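Close look at the chain arrangement
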Amino acid sequence: MATSLKWGGHRRLPPWLHKRIPSSGDIEATRQLLFGLHLNTVCQSALCPNQGECFARRTATFMILGNTCTRNCRFCAVEHGRPQAVEQDEPERVAEAARRLGLKHVVVTSVTRDDLPDGGAGHFAATIGALRAALPEAYIEVLTPDFRGDEEALTIVARAKPDIFNHNVETVPRLYEKVRPQADYRRSLQVLKKIKELDPAIYTKSGLMVGLGETTAEVLQVMADLRSVDCDILTIGQYLRPSAGHLEIKEFVTPDTFAWYAEKGREMGFLYVASAPFVRSSYHAAEFSEKVAGEKQESVSEARV
């Protein structure tokens, strides 16, 4: 059944933003598994509109380092304030959950932890290591904060060798002061650039929301900026207001415009572009790894002929 609910107190959504609620016992099973292992997910903490769909497919984006962020981005539903102590056994619990879910592509993100000396980089590395031990064949994607641009922290994560390193620019530079006042656009670009310098084999990924008042020209410039630092993967989705206390939606971007952005992104040289109203950083993230794995298998087969 399609929903027709208002989002964050905003006016009624257009037809293309009506989301079908899946009917599946796996939704509750996934919730219970995560609850039993005391794990946070960005799906739940950020009020993701795709949560039901993803849980029904027995997948989730793990959120490590607690569920309280040291920053207060005005688009985000994750709580901010004084964060919890780091749980040293969390990497193993994430790996166990991924094993039980049978994940072939695991996505791990975190709240921003400006209170930690390394910003949580060591914990990311430990989680990658635990996942490699539990699921050696799985693709591992991390979606990290900017670590305040600390190259040592980025080196720690790069040395752990995730398959994909994701760091979102989120919006266009002009809107940073309003949307994410504690972040810096150029610093985010430098984070992606540094990862490529540290290990060119790691795929880099970034994403942005639209509908916050940006112009088409500004979105295209962000896309060009990302390609200038050799970013491989791009995601673009519609901003949806989590509550009346968050930023207002300025525009509902049409599916045709999203498709046009995807076409432009491919023309610019991105290896993969996901651009649609409900796209989020990790939504259907496995499609890229399946594509890459398929291409690698075809190359191996052709080489054997």
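Residues numbered from 1 in each chain as written. Predicted model: local features only at pLDDT ≥ 70, side-chain atom pairs only at ≥ 80, totals over all residues. Heavy atoms only, no water.

Let's talk about the confidence of the model for the protein chain
The predicted coordinates should not be examined in detail at positions where pLDDT is low. Per-residue confidence for the protein chain averages 85 on the pLDDT scale, and 85% of its residues sit at or above 70. Here residues 1–10 scores under 50 on pLDDT; set against residues more than four positions off or in separate chains, the count is 26 contacts. (pLDDT = per-residue confidence, 0-100. Contact = heavy atoms within 4.5 Å.)

What to know about the side chain of T144
Mapped onto the elements of the fold, T144 is located in the loop between β6 (139–143) and α6 (151–159). Excluding residues within four positions of it along the chain, T144 makes contact with F124, F165, N166 and H167. (Helix = DSSP H or I, 4+ residues; strand = E, 2+ residues; numbered from the N terminus.)

A few points about the packing of aromatic side chains
A full pass over the atoms with the stated rule returns 5 aromatic pairs. Look at F124 and F147: their rings are 6.1 Å apart centre to centre, the planes differ by 90°, and that puts the pair in the edge-to-face class. Linking F124 in helix α5 (residues 121–134) with F147 in the loop between β6 and α6, this pair joins segments that are 23 residues apart in sequence. Between the aromatic rings of Y272 and F288, the centroid separation amounts to 5.9 Å while the plane-to-plane angle is 65°, which identifies the pairing as edge-to-face. Taken as a pair, Y272 in strand β10 (residues 272–275) and F288 in helix α11 (residues 286–304) lie far apart in primary sequence, 16 residues in all. Of the two residues, Y272 and F288, neither departs from the other in class, the shared state being buried. Feature note: the residues Y203, Y272 and F288 constitute an aromatic cluster, connected by ring pairs. It is R227 that lies over the ring of F270; its NZ or CZ is 5.5 Å from the centre. (Phe/Tyr/Trp six-rings, centres within 6.5 Å; stacked < 30°, edge-to-face > 60°. Buried < 20%, exposed > 50% of the residue type's maximum accessible area, 1.4 Å probe, protein only. Lys NZ or Arg CZ within 6 Å of the ring centre and 35° of its normal.)

Regarding helix α4 (residues 90–101)
With 12 residues, α4 extends 16 Å from end C-alpha to end C-alpha; this agrees with the ideal 16 Å at 1.5 Å per step. Backbone geometry just downstream of α4 places G102 in the positive-phi region, at approximately 70°. (Expected span 1.5 Å × (residues − 1).)

Quick notes on the sheet that holds strand β9 (residues 233–238)
Ordered in space as β1-β2-β5-β6-β7-β8-β9-β10, the 8 strands form an open sheet in which the pairing is mixed. Two strands in the sheet have a free side with no partner beyond their single neighbour: β1 (40–41) and β10. Bridging between strand β7 (residues 164–166) and strand β8 (residues 203–210) involves 3 bridges; their strand directions are parallel. Across the sheet, N166 pairs through a bridge with K205, a residue of β8. Most of the contacts of α4 go to strand β2 (residues 61–64), to which it runs at about 170°, and overall it touches β2 and β5 (105–110). (Pairing = 2+ DSSP bridges. Axes fitted to C-alpha atoms, helices over the stretch in contact; angles between N-to-C directions.)

Describing the packing of α4 against α5
The N-to-C vectors of α4 and α5 enclose an angle of 40°; their axes lie 8 Å apart at closest approach. When the interaxial angle is binned, α4 and α5 end up oblique. As α4 packs across α5, the resulting crossing turns out to be right-handed. Of α5, the residues touching α4 (which contributes E90, P91, E92, V94, A95 and A98) are H123, A126, T127, A130, L131 and A134. Along the lines of polarity and charge, the residues of the contact of α4 with α5 split into 8 nonpolar, 2 polar and 2 charged. (Parallel < 35°, antiparallel > 145°, perpendicular 65-115°, else oblique. Left-handed = near helix turned anticlockwise from the far one by under 90°. Nonpolar A, V, L, I, M, F, W, Y, C, P; charged D, E, K, R; others polar.)

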